[in-house]
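Spelled out from the first residue to the last, the chains are:
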Amino acid sequence: MIEVVVNDRLGKKVRVKCLEEDTVGDFKKVLALLLGTQPTKLVLQKGGSILKDHITLYDYEINDNTNLELYYS
């Protein structure tokens, strides 16, 4: 189990617990529940690269306490 920090650049930081084997799409579903929005409206970036929904967090080298940037589409 890892904990990922998501920053929406509007002053809101959310810590999400998940597994490295989870896909980005699964991660967005959990994040959407915490934020009260739709997962399809969330865009996650790491180092300026947009994360694709079908790829796992492990493949993106997202580990414990990794910071992700959140944008709304």
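In case you missed it, the structure is sitting above this.
Here the structure is a predicted model, which is why all the values come from computation and not from measurement.

Asks: Report on the nonpolar core, specifying residues and quantitative values.
Replies: Counting 19 residues, the largest nonpolar core has V4, V6, F27, L31 and L44 as its most contacted members. Elements supplying a minimum of two residues to this core: β1 (2-7), β2 (13-18), α1 (24-35), β3 (42-46) and β5 (67-72). Of all the elements, α1 adds the most residues to this core, at five residues. Beyond its immediate chain neighbours, meaning those up to four positions away, V6 contacts K12, K13, V14, V16, F27, L31, L44, L68 and L70.

Asks: I'd like a rundown of the pairing of β5, residues and numbers included.
Replies: Here β1 pairs with β5 via three bridges, running parallel. Residue V6 lies in a different strand from β5, and its bridge partner there is L68. Where β3 meets β5, four bridges bridge the pair, whose relative direction is antiparallel. Within the sheet, the bridge partner assigned to Q45 lies in β5 and is E69.

Asks: Explain the pairing of β1 to me, using residue names and the numbers behind them.
Replies: Within a regular strand, the side chains alternate between the two sheet faces. In terms of residue burial, β1 counts as a mostly covered element, since five of its six residues are buried. Bridging between β1 and β2 involves six bridges; their strand directions are antiparallel. Considered in β2, the bridge of I2 is made with C18. With antiparallel pairing between neighbouring strands as the criterion, β1 and β2 make up a hairpin whose turn holds five residues, including R9 at a positive phi of roughly 65°.

Asks: Just give me the short version of the sheet that holds β2, but keep the residues and values in it.
Replies: As summarised here, the arrangement of the five strands in space is β2-β1-β5-β3-β4, forming an open sheet in which the pairing is mixed. Both outer strands of the open sheet, β2 and β4 (49-50), are each paired with one neighbouring strand and no more.

Asks: How would you explain unusual backbone geometry if you had to name every residue and give the values?
Replies: The backbone of R9 sits at a positive phi, close to 65°, despite the residue not being glycine. One can find R9 in the loop between β1 and β2. By relative accessible area, R9 is classed as exposed at 52%. Although it is not a glycine, N65 sits at a positive phi angle of roughly 65°. Mapping N65 onto the fold places it in the loop between β4 and β5. In this structure N65 comes out as partly exposed when scored by relative accessible area, which is 43%.

What counts, and where the lines are drawn
- Residues numbered from 1 in each chain as written.
- Predicted model: local features only at pLDDT ≥ 70, side-chain atom pairs only at ≥ 80, totals over all residues.
- Heavy atoms only, no water.
- Core = buried A, V, L, I, M, F, W, Y, C linked by side-chain atoms within 4.5 Å.
- Buried < 20%, exposed > 50% of the residue type's maximum accessible area, 1.4 Å probe, protein only.
- Helix = DSSP H or I, 4+ residues; strand = E, 2+ residues; numbered from the N terminus.
- Contact = heavy atoms within 4.5 Å.
- Pairing = 2+ DSSP bridges.

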